[in-house]
Amino acid sequence: VENGQFVRRLRGHTRMVKTIVEARDHTVWSGSYDTTIAIWSKESILSRVLEGHKGGIKCMTLVGETMWSGANDGKVCTWDVHSFQLLREASVHTRAVNCLCASPSQGEIWTGSDDKTIRVLDMATSREKKRISAHTGYITCMTSVEEHIWVGADDRTLSVWNKKTYHQVKRLHG
């Protein structure tokens, strides 16, 4: 790797890989449009394949000892990173889940979707706490910055939300 040379191709998915996250134990979780999540050892060996979604995996995020995944089936799944068991499955959106953003201090996961909504889920139950409809396009990305969640959409805007009040504090047009 130091000289920039190709080392090897890892085979484990049958369709496009859309998301990759490193877990705390240095395993790597990859999500694919083949609807599976593959778990790779730090030695690059495929150790496990998880199934739970009916649509291609689009996003994942690690929160403590759980991995959260969102997919084209509109569902958000929660996985135990040690036992690899599916803990919860929630039908959250009516269309694809494109992004997930953790807000551990609030005990929440924020989700964005092709249904043009943002949903705020309770981390302990995966139940919806808040539904936000503020964009005219698909929600494509989000990130947590201090006390705010920044959300990007294909309507060429960014919206900034207060995590505690769920109020929009800023709208940026590009």
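Our subject in this report is the structure included herewith. Keep in mind the model is a prediction, meaning the values are calculated, not measured.

Quick notes on the rules
- Residues numbered from 1 in each chain as written.
- Predicted model: local features only at pLDDT ≥ 70, side-chain atom pairs only at ≥ 80, totals over all residues.
- Heavy atoms only, no water.
- Buried < 20%, exposed > 50% of the residue type's maximum accessible area, 1.4 Å probe, protein only.
- Helix = DSSP H or I, 4+ residues; strand = E, 2+ residues; numbered from the N terminus.
- Pairing = 2+ DSSP bridges.
- Axes fitted to C-alpha atoms, helices over the stretch in contact; angles between N-to-C directions.
- Phe/Tyr/Trp six-rings, centres within 6.5 Å; stacked < 30°, edge-to-face > 60°.
- Contact = heavy atoms within 4.5 Å.
- Polar contact = N/O pair within 3.5 Å; in protein donor to acceptor, adjacent residues only side chain to side chain.
- Salt bridge = Lys/Arg side-chain N within 4 Å of Asp/Glu carboxyl O.

Both faces of the sheet carry side chains from a regular strand, because those side chains alternate between them. Summarising burial for strand E9 (residues 97–103): 7 of the 7 residues are buried, a large majority. Direction of pairing for E9 relative to strand E10 (residues 108–113): antiparallel, over a ladder of 6 bridges. When the sheet's bridge partners are listed, Cys99 is paired in E10 with Gly112.

Moving on: the sheet that holds strand E14 (residues 148–153). Whether parallel or antiparallel, the strands of a sheet pair through hydrogen bonds between backbone atoms. Ordered in space as E13-E14-E15-E16, the 4 strands form an open sheet in which the pairing is antiparallel. At either end of the open sheet lies a strand with only one pairing partner, and these are strand E13 (139–145) and strand E16 (168–173). Strand after strand, the sheet turns through a mean of 15° between neighbouring axes, direction not considered. Direction of pairing for E14 relative to strand E15 (residues 157–162): antiparallel, over a ladder of 6 bridges. Pairing of Ile149 across the sheet is with Trp161, part of E15.

Below, the discussion takes up the packing of aromatic side chains. Describing an aromatic ring pair means giving the distance of the ring centres and the angle of the ring planes. Scanning all chains against the criterion turns up 2 aromatic pairs. Ring geometry for Trp29 versus Phe84: centroids 5.9 Å apart, planes at 40°, classification tilted. Taken together, the positions of Trp29 in strand E2 (residues 28–32) and Phe84 in the loop between strand E7 (75–80) and strand E8 (86–91) put the pair 55 residues apart, joining distant regions of the chain. Both residues of the pair, Trp29 and Phe84, belong to the buried class. Ring centres 6.0 Å apart and planes at 45° place the aromatic pair Trp110 and Tyr166 in the tilted group. With Trp110 in strand E10 and Tyr166 in the loop between E15 and E16, this pair connects stretches of sequence that are 56 residues apart.

Turning our eyes to something else, we now look at the sheet that holds E10. Pairing is antiparallel across the open sheet formed by 4 strands, whose spatial order is E9-E10-E11-E12. Since the sheet does not close on itself, it has two edges, and those belong to E9 and strand E12 (128–132), each with one partner. Here the strands of the sheet are splayed against their neighbours by 20° on average, with no regard to which way each runs. Judged from the 4 bridges that link them, strand E11 (residues 118–122) and E12 form a sheet pairing that is antiparallel. The partner of Leu121 across the bridge, within E12, is Glu128.

Further remarks concern the environment of Ser44. Inspection of the secondary structure puts Ser44 in the loop between strand E3 (36–40) and strand E4 (46–51). Note on Ser44: relative accessible area 29%, which makes it partly exposed. Put simply, Ser44 and Val28 are 16 residues apart on the chain and 8.5 Å apart in space, counted from C-alpha to C-alpha.

What follows concerns the environment of Glu89. Within the secondary structure, Glu89 is located in strand E8. Considered as a pair, Glu89 and Glu146 are 57 residues apart in the sequence and their alpha carbons are 28 Å apart. Contacts of Glu89, omitting those with residues within four sequence positions, involve Gly52, Lys75, Val76 and Cys77. In this structure the side chain of Glu89 is engaged in a polar contact, spanning 2.7 Å, whose partner is the side chain of Lys75.

Following the criterion strictly, the structure yields 5 salt bridges and no others. With a closest N to O distance of 2.8 Å, Lys129 and Glu108 form a salt bridge. In this pair, Lys129 sits in strand E12 while Glu108 sits in strand E10, placing the two residues 21 residues apart along the sequence. Residue class for Lys129 comes out partly exposed when judged on its relative accessible area of 40%.

The analysis is restricted to geometry; functional conclusions fall outside its scope.
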